[in-house]
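Close look at the chain arrangement
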Amino acid sequence: MIRCRNHAGLLLLCLLALCAGCGKKGGAGEATEELSGERADAEEDVSAKALLVPEGPKIDGQCFDVKLDRFGDVTFASYAPDPQLPMGDAVFGLEKDGVLIYQFPPVMEGNRRPQQNFLGIQEIGFPDYDGDGRKDVAVLTEYETLTNPEAQDTVLEIRLYRSCPEEEDFVLDTDRMDVLNRNQWNHTLEEAMDHMGEAGQRLLLNYLTDLAEDGV
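Let us look at the structure shown here. (Residues numbered from 1 in each chain as written. Predicted model: local features only at pLDDT ≥ 70, side-chain atom pairs only at ≥ 80, totals over all residues. Heavy atoms only, no water.)

Let us look at the pattern of salt bridges. Opposite charge on two side chains allows them to pair when their charged atoms are near. Summed over all chains, the structure comprises eight salt bridges. Here D89 and R159 are joined by a salt bridge, their closest N and O atoms 2.9 Å apart. Note that D89 is positioned in the loop between β2 (72-79) and β3 (91-96) and R159 in strand β7 (residues 154-164), a separation of 70 residues in sequence. Taken as a pair, D89 and R159 share a single burial class, namely buried. The partner of R176 in a salt bridge is D173, and the shortest N-O contact between them spans 2.7 Å. Take R176: its relative accessible area is 14%, and that puts it in the buried class. Members of the salt-bridge network, linked through shared partners, are D89, R113, E157 and R159. (Salt bridge = Lys/Arg side-chain N within 4 Å of Asp/Glu carboxyl O. Helix = DSSP H or I, 4+ residues; strand = E, 2+ residues; numbered from the N terminus. Buried < 20%, exposed > 50% of the residue type's maximum accessible area, 1.4 Å probe, protein only.)

Spatially, the four strands line up as an open sheet ordered β5-β6-β7-β8, and their pairing is antiparallel. Here the strands that pair on one side only, and so sit at the sheet edges, are β5 (116-125) and β8 (169-172). Strand-to-strand twist of the sheet, defined as the mean angle between neighbouring strand axes without regard to direction, takes the value 30°. Inspection of the sheet shows β7 paired to β8 by four bridges, in the antiparallel sense. (Pairing = 2+ DSSP bridges. Axes fitted to C-alpha atoms, helices over the stretch in contact; angles between N-to-C directions.)

Time to look at the sheet that holds β2. Pairing in this open sheet of four strands is antiparallel, and the strands run β1-β2-β3-β4 from one edge to the other. Of all the strands in the sheet, the pair left with one neighbour each is β1 (64-68) and β4 (99-103). The mean angle between the axes of side-by-side strands here comes to 40°, regardless of whether they run parallel or antiparallel. Bridge analysis of β3 against β4 gives four bridges, and the strand direction is antiparallel. Opposite K96, over in β4, you have V99 as the bridge partner.

In structure tokens:
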């Protein structure tokens with residue numbers, strides 16, 4: 001078995017892979033020019049993406065005006081589950097001038113929650129939790145478990161969307177989500193953010209362990 005602590009180069013590559021975000025940053029002029037072009041593309045795509053309107057109504061008190069890289073000034077909109085979809089989940093999107101221009105990816109296929117019933121949204125925030133200079137999205141949702149209805153058990157779930165224009169604007173950060181939810185560091189967004197560094201360390205340790213077991 002290779003001892004990873006003796007391979008500084010490998011450790012550096014692993015750290016870069018987990019912490020670098022979506023890509024390298026250019027100079028100030030390049031960044032401004034690229035961002036302007038991206039926003040223009042977003043506005044041109046409005047008509048094409050207007051067909052993504054969710055079936056559920058907007059959730060009162062959970063829609064916020066925010067300025068996000070790539071999109072500029074938009075409204076982060078939260079929609080209740082489709083009433084025609086059994087065990088459906090909430091839908092999140094970005095609106096500009098009342099038109100939906102982007103829809104965030106669902107946690108589960110088909111946007112359904114097997115054996116769970118959506119109860120509501122506890123918190124929404126826009127922290128730059130990976131430190132790449134772009135605002136990310138963090139959502140705390142609550143569900144009722146249906147495996148034992150008499151117990152009336154509920155679960156909280158932290159959902160993270162990492163800003164990544166090179167990969168379809170926002171990606172579901174499932175690795176960090178799994179660590180935070182599995183350890184129940186998800187009672188509030190503040191608690192989740194407080195443990196974000198520890199979550200990253202655990203992911204790095206798991207990655208290095210897998211490499212060592214594979215004999216890399």
